[in-house]
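Breakdown of the fold
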Amino acid sequence: MQTTFALRIIFLLLATLSLSVSFAQYRYEFVAGKLGTVCRLVFYAKDSLTAQYIQAKAFSTIDTLNEVLSDYNENSEIRRLCDSAGTGKMVVVSKDLYEIIAQSLVYSQLSKGAFDITVGNYVQLWRRAKRQGILPTPAQLAKAKATTGYQKIKLYPAKQAVELLAKGMRLDVGAVGKGFIADKVLALLRQLGVNSALVDLGGDIALGEAPPNEKGWQIEIAYTAHSRTRKSQKIVLSNCAIATSGDTFQYISIGGQRYSHIIHPKTGLGLTEKLQVTVVAQSGSTADAFASAISVLGKKKGFALAQRLETKKYLLGTQIIYYTENQTFIKETKGIKELSYACDKGCL
Ligand code: AMP
Ligand code: MG
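Throughout what follows, the structure given in this document is the object of discussion. For clarity, every value in this text was computed on a predicted model and none was experimentally measured. (Residues numbered from 1 in each chain as written. Chains lettered and ligands numbered in written order. Predicted model: local features only at pLDDT ≥ 70, side-chain atom pairs only at ≥ 80, totals over all residues. Heavy atoms only, no water.)

Let's shift gears to the coordination of the magnesium ion (ligand 2). In this structure, Ala175 (O), Asp288 (O), Asp288 (OD) and Ser292 (OG) serve as the protein donors to the magnesium ion (ligand 2), at separations of 2.0 to 2.4 Å. Along the chain, the residues donating to the magnesium ion (ligand 2) are arranged with the sequence spacing A-x112-D-x3-S. In this pair, Ala175 is assigned in the loop between β5 (161-164) and α7 (177-191) and Ser292 in helix α8 (residues 284-311), connecting sequence segments 117 residues apart. Using a relative accessible area of 5% as the deciding quantity, one classes Ser292 as buried. (Donors = N, O, S within 2.8 Å, 3.2 Å for Na, K, Ca; no water. Helix = DSSP H or I, 4+ residues; strand = E, 2+ residues; numbered from the N terminus. Buried < 20%, exposed > 50% of the residue type's maximum accessible area, 1.4 Å probe, protein only.)

Shown next, in the form of structure tokens:
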């Protein structure tokens, strides 16, 4: 009788042990150079074979979406769509391309045109200015202007088709694409049974559930750009996304003026206000698009929009950092204050 009881205990112990072994999750991290940036995946899986399988699928999804959305590849689906601009024809497009264009139109409406994927020709002028060191001429800007304006995109939802109304239009999803792709990768990981994951595409980060036994993923928002001392803030997040926009890395200096790679759709020129905007939202594409849109609107109007959209639960938090000659200023919405804490010497 006693032996049976002892055995029962041993069996129970073994069962518990095997259960905890089969549920053990290990942290895996993979890095690859893609989308012109560093792409990082961190997730929890049961073993290295599974992890390798998952990372290969995830990185190949990034490559596939890049072939749809890349502005640099003349054979990408989006470039082929632009070839049809002004012909009066609608083009049936892939689900992903349709989705990102449809989402972008919503972001344009909500930001009253500050975010606008039809800025493609302005972006080309910015890149030329970078190469040549001179600003575009008024004639070049006027020509690009004729092809700009999100109202020039017509959607046919029933047919999953798009018509670009003005000849020479060029779409550029650079301000939303990485967030959009991060969402798709996170969704794929979930499909593959990975719930606890971080997808970081060069600072556009989509987050799944928290790592095991943690409250969330610790993300550092650094503000090194124009401040003299390096400062940062930590934020603990899960099941949402975060993105930062600003002129820290991508800008041109012409005639002593700094022009960011983010274009003001009204002027066609890069932003000159020194700003860094970080947005937390439910999805990567929303965070990415509004970090760019709020940058365009600037610290006053941008902050007002951030607050408005936070009240409607469309955004979860926004931080704007701006600089004067000697000082760094920070504006934060209620949402971001609740999520973060400061680290004076850098958190990591
Ligand atoms: P981000 O770094 O996410 O702010 O995106 C900047 C990129 O988005 C630029 O390099 C352009 O390709 C594109 N872009 C620039 N200005 C705008 C704008 N006002 N609306 C939408 N996309 C833009
Ligand atoms: Mg963006």
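What the rule picks out here adds up to seven aromatic pairs. Ring centres of Phe290 and Tyr314 lie 5.9 Å apart, and the angle between their planes is 80°; on these two criteria the pair is classed as edge-to-face. With Phe290 in helix α8 and Tyr314 in the loop between α8 and β14 (315-323), the pair connects residues that are 24 residues apart, well separated along the chain. Three or more aromatic residues joined by ring pairs form one cluster here, namely Tyr107, Phe115, Phe290 and Tyr314. Here the basic side chain of Lys299 rests over the ring of Tyr322, its NZ or CZ set 5.0 Å away from the ring centre. (Phe/Tyr/Trp six-rings, centres within 6.5 Å; stacked < 30°, edge-to-face > 60°. Lys NZ or Arg CZ within 6 Å of the ring centre and 35° of its normal.)

Let's shift gears to the sheet that holds strand β2 (residues 37-45). With antiparallel pairing, eight strands are arranged side by side in an open sheet as β1-β2-β6-β7-β10-β13-β14-β15. Unpaired on one side and paired on the other, β1 (26-34) and β15 (328-332) mark the two borders of the sheet. Averaged over all neighbouring strand pairs, the angle between strand axes comes to 10°, with direction disregarded. The sheet contact formed by strand β13 (residues 275-281) and β14 spans seven bridges and is antiparallel. Residue pairing in the sheet places Ala281 in a bridge with Leu315 of β14. Across the sheet, α7 touches β2, β6 (197-201) and β7 (204-207), and the angle it forms with β6 is around 155°. On top of the sheet, α8 reaches β7, β10 (240-246), β13, β14 and β15; it is set at about 60° to β14, its chief contact. (Pairing = 2+ DSSP bridges. Axes fitted to C-alpha atoms, helices over the stretch in contact; angles between N-to-C directions. Contact = heavy atoms within 4.5 Å.)

In this section: helix α5 (residues 120-132). Within an α-helix, residues lying three or four positions from one another point in the same direction, as the helix has 3.6 residues per turn. With 13 residues, α5 should reach 18 Å at 1.5 Å per residue; the first-to-last C-alpha distance of 18 Å fits that figure. Among all positions in α5, only Gly120, Asn121, Tyr122, Val123, Leu125, Trp126, Arg127 and Ala129 are buried. Turning to α5, the residues buried within the fold contact α6 (138-145), β11 (251-254) and β12 (257-260). (Expected span 1.5 Å × (residues − 1).)

Pairing in this open sheet of three strands is antiparallel, and the strands run β3-β5-β4 from one edge to the other. Whereas interior strands pair on both sides, the edge strands pair on one side only; in this sheet they are β3 (91-92) and β4 (153-156).

We now examine the nonpolar core. Counting residues in each nonpolar core, the largest one holds 72 residues, and the members touching the most others are Phe43 and Leu171. The element that contributes the greatest number of residues to this core is α8, accounting for eleven residues. Both domain 1 (26-68 + 178-344) and domain 2 (76-164) contribute no fewer than three residues apiece to this core. Beyond its immediate sequence surroundings of up to four residues, Phe43 is in contact with Tyr26, Arg27, Tyr28, Phe30, Ala51, Ile54, Gln55, Val194, Ser196 and Ala197. Counting residues in each nonpolar core, the second largest holds 14 residues, with Leu198, Ile205, Cys240 and Ile242 among its members. (Core = buried A, V, L, I, M, F, W, Y, C linked by side-chain atoms within 4.5 Å. Domains from an automatic or database assignment.)

This part is about the site of ligand 1. Around ligand 1 sit 16 residues in total, of which Asp116, Asp172, Ser245, Ile263 and Ser292 are the nearest. One nitrogen or oxygen atom from the side chain of Asp172 is found 2.9 Å from an oxygen atom belonging to ligand 1. For ligand 1, an oxygen atom lies 2.7 Å from a polar atom in the side chain of Ser292. When the free accessible area of ligand 1 is taken as 500 Å², the share hidden by the protein chains comes to 90%. The dominant element in the shell around ligand 1, judged by the number of residues it contributes, is α8, at three residues. Across the shell around ligand 1, the residue classes break down as nine nonpolar, four polar and three charged. Both domains that meet at the shell around ligand 1, namely domain 1 (26-68 + 178-344) and domain 2 (76-164), each give it at least three residues. (Near = heavy atom within 4 Å. Polar contact = N/O pair within 3.5 Å; in protein donor to acceptor, adjacent residues only side chain to side chain. Areas by Shrake-Rupley, 256 points an atom, 1.4 Å probe, with all protein chains shown as cover. Nonpolar A, V, L, I, M, F, W, Y, C, P; charged D, E, K, R; others polar.)

This part covers unusual backbone geometry. Phi is positive for Lys112, which is not a glycine, with a value near 50°. Relative to the elements of secondary structure, Lys112 occurs in the loop between α4 (95-110) and α5. The phi angle at Lys313 is positive, at roughly 65°, despite the residue not being glycine. Relative to the helices and strands, Lys313 is located in the loop between α8 and β14.

Keep in mind that these numbers describe shape and distance, not what the molecule does.
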